[in-house]
Amino acid sequence: MAKYKGPACYHCGEDCGSNPIMYDEKPFCCTGCSAVYQILSENEACEYYNIEKTPGIRPDIQTEIGNKYAYLDNEEIKKEMLDFSDGGISKVKFFVPSIHCSSCIWLLENLHRLNKAVINSTVNFIKKEVRITFRDTDLSLRQLVELMVSVNYVPHITLDDLQNKTEKKADKSIYYKLGVAGFCFGNIMLLSFPEYLNFNEHLEDKYRTTFAWLNFTLVLPVVFYASTGYFVSAFKSLRKKVINIDLPISLGIIVLFVRSTYELIEGIDVGYFDSLAGLIFFLLIGKWYQSKTYQALSFERNYKSYFPVAVSTLDENDEEVAIPLKQLKVGQRIRIRNQELIPADAILLKGQANIDYSFVSGESTPVLKKEKELIYAGGRQIGSAIDLIVEKEVTQSYLTELWNQDIQSEKDESKLNTLVNNVSHYFTIVVILTSVISGAYWLIFKPENAMNAFTSVLIIACPCALALTLPFAFGSAIRIFGRAGFYLKKTDIVERLSKIDTIVFDKTGTLTQNEVFEIDTSNIDLKEEELVWIKSAVHHSTHPLSIAVYKYLKQQVIPVDHYEEVPSAGIKVRIQGHDLLIGSKQLTDGIEKLDGTYSSRVFVKIDGESKGYFNIRNAYRPGIENVIGHLKKDFDLHILSGDNASEKEVLSKLFPAADQIHFDQTPKSKLEYIRKLQAEGKRVMMMGDGLNDAGALSESDVGISIADNIYHFSPACDAILESQKFASLERFIRYSKSSMNIIKMSFVISFLYNIVGLTFAVQAFLTPIFSAILMPVSSVTVVAFITLTSATIAKRKKLK
């Protein structure tokens, strides 16, 4: 059955099929796209289409606005959502996930052309946020949101957004310290230049002394402000009886400052203020480079990120009243519409409940619930509205318990044995022993050189190059990963990723694509007009399989005469005088569910004649065979799926061990499975996408959330992988191992410089010029090596 490919939709670019909707001599794929164009056209805002070709996103044609945003009329909710409101002027900020191009920015920043009550709107493209100032006397908050929805820029409003209106202020102290250190270092170098050029010919004493005291003045804020972080870190590590890299750095800074000050006051020499300022400046550059993360992404989320702001309750007269979710109490009746989330454990009172628990349990098939049955929080209703009575408070619901499980299994990162702490532990001991032995030697044979040798070793061995190795190596890795679509929460995840030996995959949404199905039509024979009838019939259904058929067929939709949905079975439709049954075999022929099919077949009967069935299965991510084929050579692979075993045969061909493929897994069983693997000494990486994976992702050594849209909801994790980059997973892991090798080679370079410097230091030959040259050169060499090597390896592994 060939599919007709029609013209591209003028709004969104989708295939319009054989009968496109025409408006203003332009083709549209659906009434939703046509409606958006009409709104823009009527308001003379069609420049939107000139900036980018087909910039729009296809609206959800099955969802009407109705009273969906009625809760925004609630004064308490409005007060919490608005950033400012006074004198008839209000300001609000929205997260809009559908922002994706320059046309989006143009339209959202020209909302005043759609409604004159909008005074100003500005878009933060990176964070996908829009800030809007409007006249609340002419345009309510609800009307503003409905205006945005009408052009398909739907704000993402959740309970978490409401309770976290105070934006986290970025820590700018590193910028201040870097600015102070850079300013002082530059000026100290400038004042020290005459000293470098004179070599053994001394400057006139008055100039030399003046410049030295100026350098002393400039270095004070560097030592007592810019470098305080190293002192605090070293002190805390000593209190915990741990030696970290900041301890030898702090020793070097203190000794360098004290010795330089002593030599200046006593008139012995001009000191090492240039080397000291340069050392701290380079260290701060490394710290800044390491601290750069993806602020627009959220790696830490709780259940509030998933919950709605308000819920529709029913009063004594069955009238709907929108209240803030936090006011919801046990015993209250609530109404849940199509695609709305059930916020608390509740009992069904009225209506046909088809609950999609895919995000909670991983099971992709909706569950039919009867009246008086308990429905757990976290499910989404698919179909007509249902009425429920709340059994548990929001904070005590099943969904909340899943997040509490996640929080309790949070990793204790302080116990992580990182490479740098191991190295710094032995490095510090060796440096102190060397300085003591060197000082003792000269104390015996030439006492006047003892203090010089002792302090010189501590100064020259200050591990600046060593300290820069990790920030630049891991920082480079994070940036290379980010450009390739793999976003890490913190730099130390690179190290953890390099050590894994076991990988556990969720199936639904991880190995398979969300809302993408493969449809086999070899078992069904339909005429063109029958395809039109079927497309028109499934258009009214919200079941995932109906939606899959609707998206697959490209025919035009026509009106139906009668539509009836049979719960958990299918639909009965009368159209143009013909009777259609579409759904399960039980609906069309009275036969119970077929073994092994797991509702993946949609049968069709027209006017009593069986036409066959659409065979629908999950579409696996592109390149999965290649990815699994490479990974199974070096890693122990497992599957934990909350779905049924319908895909077992397919997965058994991909994965080497059938006994490591598990279905019908609950969130708790997934968590326990990860702990079992870790108890066996395994270092586990978990990949998932839903709430049912939250505990396992948190408990694993590395938890990766795969996302079709990295700004949409995803469970708390260590990293976020763009779904279209799944084929590069094996290369990401390989590169993390390469990063660790780069770090080890950088350590060798750093140690070689220290050996050269110590050779002079133990002989009491250290001079300000020698120190000023060696310390920056060692740092620059290590940074250049890391940067160039990282870029070269990334290019070779095709990560750029």
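Residues numbered from 1 in each chain as written. Predicted model: local features only at pLDDT ≥ 70, side-chain atom pairs only at ≥ 80, totals over all residues. Heavy atoms only, no water.

Here's the deal with the overall build of the chain
Looking only at helices and strands, the chain features 26 helices and 28 strands. Taking all 800 residues of the chain together, 51% fall into the buried category. Counting contacts in the chain only where the partners sit at least 6 residues apart, residues at least 24 apart contribute 68% of the total. In the structure as shown, the chain presents an accessible area of about 36,600 Å², 54% of it carried by carbon and sulfur atoms. (Helix = DSSP H or I, 4+ residues; strand = E, 2+ residues; numbered from the N terminus. Buried < 20%, exposed > 50% of the residue type's maximum accessible area, 1.4 Å probe, protein only. Contact = heavy atoms within 4.5 Å. Areas by Shrake-Rupley, 256 points an atom, 1.4 Å probe, with all protein chains shown as cover.)

Things to note about the packing of helix α9 (residues 228-239) against helix α10 (residues 246-266)
Interaxial distance between α9 and α10 falls to 8 Å at its minimum, and their mutual angle equals 125°. As far as their axial angle goes, α10 and α9 are oblique. Regarding α9 and α10, the two cross each other, and that crossing is left-handed. Contacts from Y230, F231, S233, A234 and L238 of α9 reach α10 at D246, L247, I249, S250, I253 and I254. Residue composition of the contact of α9 with α10, grouped by class: eight nonpolar, two polar and one charged. (Axes fitted to C-alpha atoms, helices over the stretch in contact; angles between N-to-C directions. Parallel < 35°, antiparallel > 145°, perpendicular 65-115°, else oblique. Left-handed = near helix turned anticlockwise from the far one by under 90°. Nonpolar A, V, L, I, M, F, W, Y, C, P; charged D, E, K, R; others polar.)

Details of helix α16 (residues 464-483)
The terminal C-alpha atoms of α16 lie 28 Å apart, and with 20 residues this matches the ideal 28 Å at 1.5 Å per residue to within 8%. Burial analysis of α16 places 19 of its 20 residues in the buried class, which makes it a mostly covered element. Trailing α16 by a residue or two, G485 shows a phi angle of about 95°, which is positive. (Expected span 1.5 Å × (residues − 1).)

Comments concerning the packing of aromatic side chains
Tallying each qualifying case throughout the model produces 22 aromatic pairs. Each ring, one from F224 and one from F257, has its centre 5.5 Å from the other, and the planes form 90°; the classification is edge-to-face. One end of the pair, F224, is in helix α8 (residues 205-226); the other, F257, is in helix α10, with 33 residues separating them in the sequence. With a relative accessible area of 55%, F224 lands in the exposed category. Residue F257 is classed as buried on the basis of its relative accessible area, which comes to 12%. One aromatic cluster is present, formed by W213, F216, F224, F257 and F273 through successive ring pairs. The side chain of K177 reaches across the aromatic face of Y225, ending 6.0 Å from its centre. The ring centre of Y673 lies 5.8 Å from the NZ or CZ of K676, which sits over that ring. (Phe/Tyr/Trp six-rings, centres within 6.5 Å; stacked < 30°, edge-to-face > 60°. Lys NZ or Arg CZ within 6 Å of the ring centre and 35° of its normal.)

Topic: the sheet that holds strand β11 (residues 353-356)
Taken together, three strands build an open sheet; the order of strands is β12-β11-β14 and the sheet is antiparallel. With one partner strand each, in any of the chains shown, β12 (367-369) and β14 (380-381) form the two edges of the open sheet. Across two bridges, the pairing between β11 and β14 is antiparallel. Paired with I355 across the bridge in β14 is Q381. (Pairing = 2+ DSSP bridges.)

Digging into the side chain of D345
Here D345 lies in the loop between β9 (333-336) and β10 (346-350). Buried and unpaired, D345 has no salt bridge, with K392 as the nearest side chain of opposite charge at 4.2 Å. At 2.8 Å, the side chain of D345 forms a polar contact with the backbone nitrogen of A377. (Lys, Arg positive; Asp, Glu negative; His and termini not counted. Salt bridge = Lys/Arg side-chain N within 4 Å of Asp/Glu carboxyl O. Polar contact = N/O pair within 3.5 Å; in protein donor to acceptor, adjacent residues only side chain to side chain.)

Some points on unusual backbone geometry
Notably, Q576 is not glycine yet its phi reads approximately 50°, a positive angle. Here Q576 shows up in the loop between β20 (570-575) and β21 (578-583). Of note, the phi angle at D664 is positive, near 55°, even though the residue is not glycine. Inspection of the secondary structure assignment puts D664 in the loop between β25 (661-662) and α23 (667-679).

A few points about the confidence of the model for the chain
Any residue range with low pLDDT should be treated as having predicted coordinates unsuitable for detailed reading. The share of residues in the chain with pLDDT of 70 or more is 83%, and the mean pLDDT across the chain is 80. By mean pLDDT, helix α13 (residues 398-408) is the weakest element of the chain at 56, and strand β17 (residues 502-505) is the strongest at 94. For the stretch residues 412-417, pLDDT sits under 50, and the model shows eight contacts to residues farther than four places along the chain or on other chains. (pLDDT = per-residue confidence, 0-100.)

A short note on the pattern of salt bridges
Where charged atoms of side chains with opposite charge meet at close range, the side chains can pair. Following the criterion strictly, the structure yields 26 salt bridges and no others. Here R131 makes a salt bridge to D83, at a shortest N to O gap of 4.0 Å. Separated by 48 residues along the polypeptide, R131 in strand β6 (residues 129-135) and D83 in the loop between α3 (75-81) and β3 (84-86) bring together distant segments of the chain. Judged by relative accessible area, which is 39%, D83 ranks as partly exposed. In this structure, R335 and E320 form a salt bridge, with 3.3 Å as the shortest nitrogen-oxygen distance.

Examining the nonpolar core
In terms of nonpolar packing, the biggest core is built from 96 residues, with F505, F655 and M685 touching the most fellow members. Element by element, the count of residues in this core is highest for α16, at 13 residues. In this view, F655 contacts F505, L511, I628, L637, I639 and I661; residues no more than four positions away in its chain are not counted. Counting 48 residues, the second-largest nonpolar core is a separate cluster that includes Y69, L72, M81 and W106. (Core = buried A, V, L, I, M, F, W, Y, C linked by side-chain atoms within 4.5 Å.)

Some thoughts on a nonpolar patch on the surface
Residues Y441, L443, I444 and F445 make up a contiguous nonpolar surface patch of roughly 500 Å² in combined accessible area. Looking at the secondary structure, you find L443 in helix α14 (residues 419-445). By relative accessible area, which is 56% here, L443 ends up exposed. (Patch = residues over 30% accessible without salt bridge, like charges linked within 9 Å, V, L, I, M, F, W, Y side chains within 5 Å.)

Regarding the pairing of β6
For β6, the buried fraction is high: five of the seven residues fall into the buried class. Pairing analysis gives seven bridges linking strand β4 (residues 89-95) to β6, with the strands arranged antiparallel. In the strand pairing of β6, F95 is matched with E129. When strand β5 (residues 118-124) meets β6, the two strands line up antiparallel, connected through six bridges. The residue of β6 that forms the bridge with V123 is V130. Connecting β5 to the antiparallel partner β6 that follows it, the hairpin turn spans four residues, and K128 within it adopts a positive phi of roughly 55°.

Regarding the sheet that holds strand β19 (residues 562-566)
Spatial ordering of the open sheet is given by β18-β23-β22-β21-β20-β19, a layout of six strands whose pairing is antiparallel. In this open sheet, the two strands that pair with only one neighbour each are β18 (512-520) and β19. Taking each pair of neighbouring strands and ignoring which way they run, the sheet shows an average axis angle of 20°. Here five bridges tie β18 to strand β23 (residues 609-620), and the two strands are oriented antiparallel to one another. Counted as the bridge partner of I519 is I616 from β23. Most of the contacts of helix α18 (residues 528-538) go to β21, to which it runs at about 60°, and overall it touches β19, β20, β21, β22 (601-606) and β23.

With respect to the environment of Y207
Within the secondary structure, Y207 sits in helix α8. On the basis of relative accessible area, Y207 is assigned to the partly exposed category, the value being 43%. The sequence separation of Y207 and P194 amounts to 13 residues, and the corresponding C-alpha distance is 9.7 Å.

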